[in-house]
Each structure stands twice: as C-alpha cells, then as structure tokens.
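Descriptive analysis of the structure
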Amino acid sequence: MLDKLIISQLREIVGNKNVRLSDEDLTDYGMDRTTIWTADPSVVVLPGCVAEVQKVVIFANEYKLAIVPSGGRTGLSGGAVAKDGEIVVAMDRINQIFDFNKVDCIVSVGAGLITNKLQEFAAGQNLFYPVDFASSGSSQIGGNIATNAGGINVIRYGMTRQWVAGLVVVTGCGEILHLNKGLIKNNTGYDFRHLFIGSEGTLGLICEATIRLTRPKGASTVIVLGIDSFPIILEVLKAFSAEINLTAFEFFSQVALDKVINFQGHNAPFKTKAPFYALLEFESSEGSVLDTGLRLFDECMDKGWVLDGVMSQSLRQAESLWKLREDISETLWQYEPFKNDISVLMSRMPEFIKSVEIIIEQKYPYFELVWYGHIGDGNLHLNILKPENLTSAQFVERCSNFSKVLGELIAKYGGSVSAEHGVGLLKKDVLHYSRTEAEIKLMCEVKKVFDPNGILNPGKLID
Ligand code: 2HG
Ligand code: ZN
C-alpha cells in the first residue's frame, strides 16, 4: 500500500476521481487475459492527457515507483499484469479522435481508443483500418502498438507496425517525444517510433498515435476446406495465392472445431470431418476473382487435396464461417490452456508440426493439442489443454518443462517463441531461444537509455 502522501499527490495530478483504489479496480486493472498471476497493484491512475502522463512518470521517478502501462488488457503474455504493488497507468481517458487528415489519410488518436472505434471511424470516412482480431471490441490502440498486434489480416495488410505513422510517447525519464509526425518519408536517423512499437511498455508510455488508413476492402468471400494432412494445407495455400490476393489464410484442427461447436453452438461448415480445416478469404467484388476462386476450389477437390468444402454465398455466411476460427481462443479458456504463439517459415511448418507431435507422443502423451492459427504468415497457436487427472500446479510444471523442449525445437527451426502476443512475463524465460545473448544484452542497454531507473513495466520482456 502506498502512503497517503503519494496517493494525494497522484490525485493532484490526475484529479480525485481518476485515482482508483477499490479492490474491484485493483483486480480489474491489474490483470490481462492470462490467469497465472494475481493482480496486486497499489493504485490505478487514469491520466487525461499527455501532460498528466508526463507528470505521473516524473513523480514515479522521484519516488522510484514502478508503473505498469495499461490498455484494454486483452494480452495473452502477462505484459499488462501488475502483481507487485505497481502504479497502473491506464489510458482509458485518452481515447479521443483528435484530428483526421483526408489528404494524407491519417488520423491522430488517443492511445486509449478502442480498436473497433477506430475501425468504425475509418469506415465512416469510406476508409479502412485493417488490423483486426477477436478482441478488437475491447483492445486499445496503444496496447496494440505496444505489442505490435497481428491478427487475421496480416498476410494482406501486415501487423500494427505498418499502420503507425506517428507516436507521442512519454519515456521512462518523463520526456515527451513526438515521433515521425505522420510522414511517409523521413530518413533522419534512428526511427524511435519503431523501437516503441512492440516494446511492451518497457521504454515509455504510448499516449497518442497517428494511424494510416487505407482504401476499404471490397466484399469478401470466405472458403472453408476440410484437409487430410497439414502439408496439403500448404499446397492449397500455394495454389490460391499464386492467383488471388488472399486477405486471410487461417487454419484449425478438428479438435478445435469440435470444441467451438460444442461450446458456442455453431454449425459445422459441412458434414465431412477432416483432421484440419483451412479458412481462406479474398476480395471478390470483381466477378473474375470469384470465378478464379471457384475454379481453384474445384481443382483442389479434383486433386484429392480437399475432403469437403464450402464457399460463402452471403456476408452472413462468411461471418458465421469466420466465427468457427475466431471463437477458438475464447472457447479454450475453460480447459486451462497452456498457450504458445509460435512462428516458423511457412516452408518449414509441416516438418516443425510433425516434430512437435512426435515429442508430445513420446514424452507427453497425456497432453491434448489444439493447433490453429494464421498459417498464411507462419503463425501457429499451439494450445495444450490441461488433462483432468493433473492438478493445475502439476500441469504448469509439465508445461514449463515442455516449454524448454519446444524452445529448443523453435531455435533449431529458426523460429520465434512469440509471433504476435509478445513476451511479457509469460515468455521471458524462453526469449533466449529466439534472441541471442548479445541481442538481449542490447535490449537491456536500450531500456537503460529510455528508462534509467527501471520504473516502466519492470520484469516484463527482459530483466
Ligand atoms: C487468435 O489468433 C489469437 O485467435 C489468440 O491470437 C490465440 O488464444 C490464442 O492462443
Ligand atoms: Zn492469433
């Protein structure tokens, strides 16, 4: 518990009602989507502008108090967990749309703006903000930037990084930086904007962002295909992407589909069961693309690659097919999943998956594996479900053992231990499988430059 003087000084900075101390607020703001740690911040403050954020940071430096920056807390790596008496600085009130520039197609927003509000704003201007994922109704732009969020449109539109044209940040020293200011071309030395993107709140607090928007996506068609083996999914991907600009290429296993259907009450895409399903999406407003899609669909069937398939005939059908994929993560929470967010080169995926399955078969036969993910960009979400006969503690222990084995395999394949969810607390111990000692040391040095007192999100990403 912080002493009364500190609380009253924080109240002076952000206003009485924007300092929260109730148990409910402390628990709520101290957690993200992970369930491993217990929230225990000292206080939650909600600044209303960049200047207030700066004052809080300067104040925290003076008293050497740790800060956990907080967005929508939809993260899956413990990056926004406050478990050690920290001050949570939540961006909820800095959620305005400040300025829209039609000529440059950029919009300046507060870090606390909810992702789907930005998507709606863009649509209202007949434009498009393409970063999208299941939690876009509660995640905030600042958090998306701090974790370089990915999602379902990455193969066509890239990650969050690609859409950030400028940032206003308060560094760990309390300096305000206006980075890049919306420019497309700006070769003036180190681009600190990109350093802050994906820095997980360890270098500074992202307060405002200038986001680039693009042309709206045309009407889309979704195809779901039942496929017998994983290598064939890649053949299907190759065939489609050789002729069509896909906006998404996702996959999930029968195990994932069964659980989504049971839990959410969705309908199966078709009667035939298959070990794997691929979900593809492409813009089909031009008639010829649809014809090509249909032809490729038939060719995949003729080649025997596909056991069964369905092509959406309406927006509604496309949306319900997407739900089969998007609702997997939410569905799996009831099984105490151990989540892995891996990437390897697409060409190496079949071999990689096979190696993981052999290891599981030999050493952890009691693990239930659920594979799904964004296969078109090499990102696999491997969720392992807790077997009923293991206690939570036993399961965590075996998973942490498995993590090392998996980490070694990822290193062997030159992959990443965190493709899109970030490192946070969850993946810190396995970071070294993807980044060398020299790189991690440099990260620590960089942190010292921006946050010399180590007050920003301590213990996340690096020590
Ligand atoms: C998704 O792609 C999300 O559905 C969540 O990134 C993945 O919960 C997961 O493991
Ligand atoms: Zn994902």
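Because the structure is a prediction, the values reported are computed rather than measured. (Residues numbered from 1 in each chain as written. Chains lettered and ligands numbered in written order. Predicted model: local features only at pLDDT ≥ 70, side-chain atom pairs only at ≥ 80, totals over all residues. Heavy atoms only, no water.)

1. A look at the pairing of strand S14 (residues 338–343)
The buried count for S14 comes to six of six residues, which makes it a mostly enclosed element. The alternating pattern of S14 places Phe338, Asn340 and Ile342 on one face and Lys339, Asp341 and Ser343 on the opposite face, and all of these are buried. Of the strand pairs in this sheet, S14 and strand S16 (residues 379–385) are connected by six bridges, and their pairing is antiparallel. The partner of Ile342 across the bridge, within S16, is Leu380. (Buried < 20%, exposed > 50% of the residue type's maximum accessible area, 1.4 Å probe, protein only. Helix = DSSP H or I, 4+ residues; strand = E, 2+ residues; numbered from the N terminus. Pairing = 2+ DSSP bridges.)

2. Details of the sheet that holds strand S2 (residues 43–45)
The strand order across the open sheet built from four strands is S1-S2-S4-S3, with neighbouring strands paired in mixed fashion. This sheet does not close on itself; its edge strands, each paired only once, are strand S1 (19–20) and strand S3 (67–70). Pairing between S3 and strand S4 (residues 87–90): four bridges, direction parallel. Within the sheet, the bridge partner assigned to Ile67 lies in S4 and is Ile87.

3. Some words on helix H13 (residues 349–363)
A turn of α-helix holds 3.6 residues, and therefore any two residues three or four places apart point the same way. Look at H13: 21 Å from first C-alpha to last across 15 residues, which is about the 21 Å you get at 1.5 Å a residue. Turning to H13, its buried residues are Met349, Phe352, Ile353, Ser355, Val356, Ile359 and Ile360. One face of H13 carries all of its buried residues, which in axial projection span an arc of 160°. Opposite the buried face of H13, by more than 90 degrees, sit the exposed residues Lys354, Glu361 and Gln362. (Expected span 1.5 Å × (residues − 1). Arc of directions from axis to C-beta.)

4. Quick look at the environment of Gly172
With respect to the helices and strands, Gly172 occurs in the loop between strand S7 (164–171) and strand S8 (176–179). On the basis of relative accessible area, Gly172 is assigned to the buried category, the value being 0%. In sequence terms Gly172 and Leu21 are 151 residues apart; their C-alpha atoms lie 24 Å from each other. Other than its neighbours up to four places away in sequence, Gly172 contacts Val57, Asn61, Leu203, Gly204, Phe450, Asp451, Ile455 and Leu456. (Contact = heavy atoms within 4.5 Å.)

5. Looking at the pattern of salt bridges
Inspection of the entire model under this criterion finds 19 salt bridges. We note a salt bridge from Arg295 to Glu299, for which the minimum N-O separation is 3.1 Å. Separated by four residues within a single helix, Arg295 and Glu299 lie in helix H10 (residues 287–302), roughly one turn from each other. With relative accessibility at 31%, the residue Glu299 sits in the partly exposed group. Salt bridges sharing partners connect three or more residues here, namely Glu243, Arg295 and Glu299. (Salt bridge = Lys/Arg side-chain N within 4 Å of Asp/Glu carboxyl O.)

6. Comments concerning the coordination of the zinc ion (ligand 2)
The protein atoms that coordinate the zinc ion (ligand 2) are His374 (NE2), His381 (NE2) and Glu420 (OE), at distances spanning 1.8 to 2.1 Å. Taken in chain order, the donor set of the zinc ion (ligand 2) reads H-x6-H-x38-E. With His374 in strand S15 (residues 368–374) and Glu420 in the loop between helix H14 (392–412) and helix H15 (437–450), this pair connects stretches of sequence that are 46 residues apart. Considered together, His374 and Glu420 belong to a single accessibility category, that of buried residues. (Donors = N, O, S within 2.8 Å, 3.2 Å for Na, K, Ca; no water.)

7. Some remarks on the site of ligand 1
Around ligand 1 sit Leu76, Arg325, Ser329, Lys339, Tyr372, His374, His381, Asn383, Glu420 and His421, and those are all the residues in its vicinity. Between ligand 1 and His381, the relevant distance is 3.0 Å, taken from an oxygen atom to a side-chain nitrogen or oxygen of the residue. Within the side chain of Asn383, a nitrogen or oxygen atom sits 3.2 Å from an oxygen atom of ligand 1. In the complex, the protein chains occlude 89% of the 290 Å² of accessible area that ligand 1 would expose alone. Taken together, the elements giving at least two residues each to the shell around ligand 1 come down to S15 and S16. Across the shell around ligand 1, the residue classes tally to two nonpolar, five polar and three charged. (Near = heavy atom within 4 Å. Polar contact = N/O pair within 3.5 Å; in protein donor to acceptor, adjacent residues only side chain to side chain. Areas by Shrake-Rupley, 256 points an atom, 1.4 Å probe, with all protein chains shown as cover. Nonpolar A, V, L, I, M, F, W, Y, C, P; charged D, E, K, R; others polar.)

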